[in-house]
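So the chains spell out like this:
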Amino acid sequence: MIIPQFGVADSVVVIAYVAALLLPGGLLGFVGGLRGWTLVASAPLATYAVSGIAGPLYAAMGIRWSTVSWALTFVVVIVVVAGVRLLVRRLRGAPEPRPEIPPWSLAAQLAVVAAVVVAVGTGLVVILGGIRTLGAIPQDWDAVFHANGIRYISETGDGSLYGMGLTNWYEPGAPPIFYPNAYHLLATVVHEMTGATIPAVLNAHTVLIPGMIGLSLVALVRRFGGRPIVAAAAALAVVAVSSVYDLLWRGPLLPFATGVALTPVLVVLVVDMLDARTLRSAVRPALLFALGMAGLLCLHPAILIGAVLFTVPALLQRWWSAPGRAPREIGLLLVAGVLAALGCAAQLAGTLSSAGNLAAISWPADLTASTAVGQILTFGHGSDTIQLWLTAFLVVGLLTYRRLGALRWVGFTAAIFGVLFVVAASVSAPWAKTITSLWWNDRWRLIALTAVPLCIVIGHGVGELQRLVVTALSRVADAARHRPPEALPSQSATTQRVLAVATSVVVLVLFVVLTNGLYVSRDQARMMQNSGEGPAVSGLEIAGMQEIARIVPPGERVLNDRGDGSTWLYALTGVESVAGHYDGFRTGPDAMLLAQSFNRYPDDPAVRAAVQQLGIQYVQLDAGFLRSDATRAPGLTGLEDAAWLTVVYRNPDVVLYRIDPPGAEQETSAGSRAGVPAGPLLSDGSG
């Protein structure tokens, strides 16, 4: 296990993110009537819902998105909700009591709290141990878009659903690029509150995601009357599963992973609404459920669809035992869905407008169906090894599945996503791509959605082991007192509680020990795969970009290579670049022309016109490429000998050229022209 570097300044950023997630949404949930585990677990979802709705609304009204406008939004919403609830109570009297849930003892509650704390700490240690420092740059495809989006909102105050796309798709006439931005709106608030670098803000949230999933599972188990040990073990299991961390180094898929973490909360809100005995008492939970759906939609549309699939087995189990409930409850679901759609009309319109983009993405189906099923059951996806002890407790949970009671539906939820994973991983037919296209045909997303409900089955397996230990100890004690087995249980209520708590602690500790400390070392190795010195951005490149920000005048755009780490220039410094993302799909004609033909600048009027149109005076080339098979863009090759370029900055990994007007007198040596050491030349291939 690697001990991460984590200082006081880092803890301030993480604590600020925790406060931003929990406090506003928690206050809103409290005045809305939520309590206990549901209140804490749903607080981030409410925070994202209000932020995601307010940002685009403010943009339409010409109001700048900032920490102040964000805070005022929650003050107004909380006051309005509290006022309406107080007025209704005075006019109509106290609401009907909620349905009774089997209580957890104080000792059990504290034990579950301790398990959640361990889960949060495990996620923190795994992720920080893998990336080493909170300010490390995530070295993969999606991260730079999220980082540039946060910088864009912070600098412009534009909370619209199409604004972030301007960091890469900005040329006149280009089609607007939609992206749901609740994640980025809240991250902007944390960035402004703390003054931390944008990579640190990204990572401060990332380290919390595994713990958020554990908290959501605890709330789910609690709401369905599950045992405390099942909740605690599920929270510990989910932070051990490697496929959860695969969402956080590969991409990383940060808004999607956040939605996965909050998906179980939606089931809790559904059940709260459907358990209301009268129409009047259903209004409050229906509004909270609609707010939850809005939160998931504002985070990521695919997650809301996934949450619906996650919830359907719970509803079918509910209606199977009492079919007479179905018509009324379907009506409530439809009404809440309409309310959520009205609140997120802009997000829905954007989602529909961008649906065709899914066809442009296809991942290979290179596994056999049996291999894919094996990877689900052994938690071995994307690895040469398996997580054996998770499988062992999963088997125990499956063998004792009938004892899961009201939570039996989670196995069917796991089966739905498991089938989708197997299809995406092993079937190349067009129909397979069609049914998995909502998740970009990406099996890495689907295996994570499969693992989350399976962790409740694992927790059940741990709980059944504890039950077996208690029964065995009771029999031994009764045998010592010469009592027949049919006389069980013979202990007093106090003795039974002490025995239950003691054995639960022992079994949970055993689970942690058997899983090698919740597989921390294995998962840290996963998180190491795209962090550190490259492949795209090195420490020298970061230093170079900081120097470039001192050279390039404000408002000018720097020409760069879409394949190298220079796409991070805007996020790290605020200096805009021609390529603001690795994605070159649907970029403008000037940017495409320069990528293909910039080295013809002295001889091609079209190239010179594109340079003038985009306001370019400087060209940046970095040594590190995101993909190992990447090569320098054709139009950016051979620049080291160009007499019409002057080197104004160079280090071993970065060079910055100034474009000199055609016909200007040039020196022959790039180093002497710049008055800086020439240094090693950058290759034209991968870094």
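Before any of the text, the structure's been laid out above.
Anyway, here's the lowdown on the structure attached to this text. (Residues numbered from 1 in each chain as written. Predicted model: local features only at pLDDT ≥ 70, side-chain atom pairs only at ≥ 80, totals over all residues. Heavy atoms only, no water.)

1. Section: the packing of helix α1 (residues 8–31) against helix α2 (residues 36–61)
One can describe the packing of α1 onto α2 by two numbers: an axis separation of 7 Å at closest approach and a directional angle of 95°. It follows from the interaxial angle that α1 and α2 lie roughly perpendicular. Contacts between α1 and α2 involve Y17, A20, L21, L22, P24, G25, G26, L28, G29 and F30 from the former and L39, V40, A43, P44, A46, T47, Y48 and V50 from the latter. A per-class count over the contact of α1 with α2 returns 14 nonpolar, four polar and no charged. (Axes fitted to C-alpha atoms, helices over the stretch in contact; angles between N-to-C directions. Helix = DSSP H or I, 4+ residues; strand = E, 2+ residues; numbered from the N terminus. Parallel < 35°, antiparallel > 145°, perpendicular 65-115°, else oblique. Contact = heavy atoms within 4.5 Å. Nonpolar A, V, L, I, M, F, W, Y, C, P; charged D, E, K, R; others polar.)

2. Some words on the pattern of salt bridges
Pairing between side chains of opposite charge can happen when the charged atoms of each approach one another. Counted according to the given criterion, the structure contains 19 salt bridges. With its nearest N and O atoms 3.9 Å apart, the salt bridge here joins E464 to R227. Taken together, the residues E464 in helix α20 (residues 443–480) and R227 in the loop between α8 (209–223) and α9 (228–238) connect sequence positions 237 residues apart. Judged by its relative accessible area of 8%, E464 is buried. Measuring nitrogen to oxygen at the nearest pair gives 3.6 Å for the salt bridge that ties E576 to R557. Within this pair, whereas E576 is found in the loop between α24 (569–573) and α25 (589–597), its partner R557 is found in strand β1 (residues 557–560), the two being separated by 19 residues in sequence. On the accessibility criterion, R557 (13% relative accessible area) is buried. Connected via shared salt-bridge partners are R223, D272, D275, R318 and E329. (Salt bridge = Lys/Arg side-chain N within 4 Å of Asp/Glu carboxyl O. Buried < 20%, exposed > 50% of the residue type's maximum accessible area, 1.4 Å probe, protein only.)

3. Points about the sheet that holds β1
Spatially, four strands are ordered β1-β2-β4-β3 in an open sheet, and the strand pairing comes out mixed. The open sheet has two edge strands, β1 and β3 (645–651), and neither has a second partner. Taken over all neighbouring pairs, the strand axes of this sheet differ in orientation by 30° on average, direction set aside. Alignment of β3 against strand β4 (residues 654–659), held across six bridges, turns out to be antiparallel. Among the inter-strand pairings, L645 is bridged to a residue of β4, identified as I659. (Pairing = 2+ DSSP bridges.)

4. Observations concerning the nonpolar core
Judged by nonpolar contacts, the single largest core of 189 residues is most densely connected at Y17 and W568. Setting aside residues up to four positions removed in sequence, Y17 forms contacts with Y48, Y183, L186, A187, V190, V201, A204, H205 and L208. Grouped together as the second largest cluster of nonpolar side chains are 24 residues, L559, L594, A642 and W644 included. (Core = buried A, V, L, I, M, F, W, Y, C linked by side-chain atoms within 4.5 Å.)

5. Some details on the environment of S426
Position of S426 relative to the elements: it lies in helix α18 (residues 409–426). Taking C-alpha positions, S426 is 5.8 Å from D366, a pair spaced 60 residues apart along the chain. Excluding anything up to four places from it in sequence, S426 contacts A365, L367, T368 and A369. Engagement of the side chain of S426 in a polar contact is seen with the backbone oxygen of V422, the distance being 2.5 Å. (Polar contact = N/O pair within 3.5 Å; in protein donor to acceptor, adjacent residues only side chain to side chain.)

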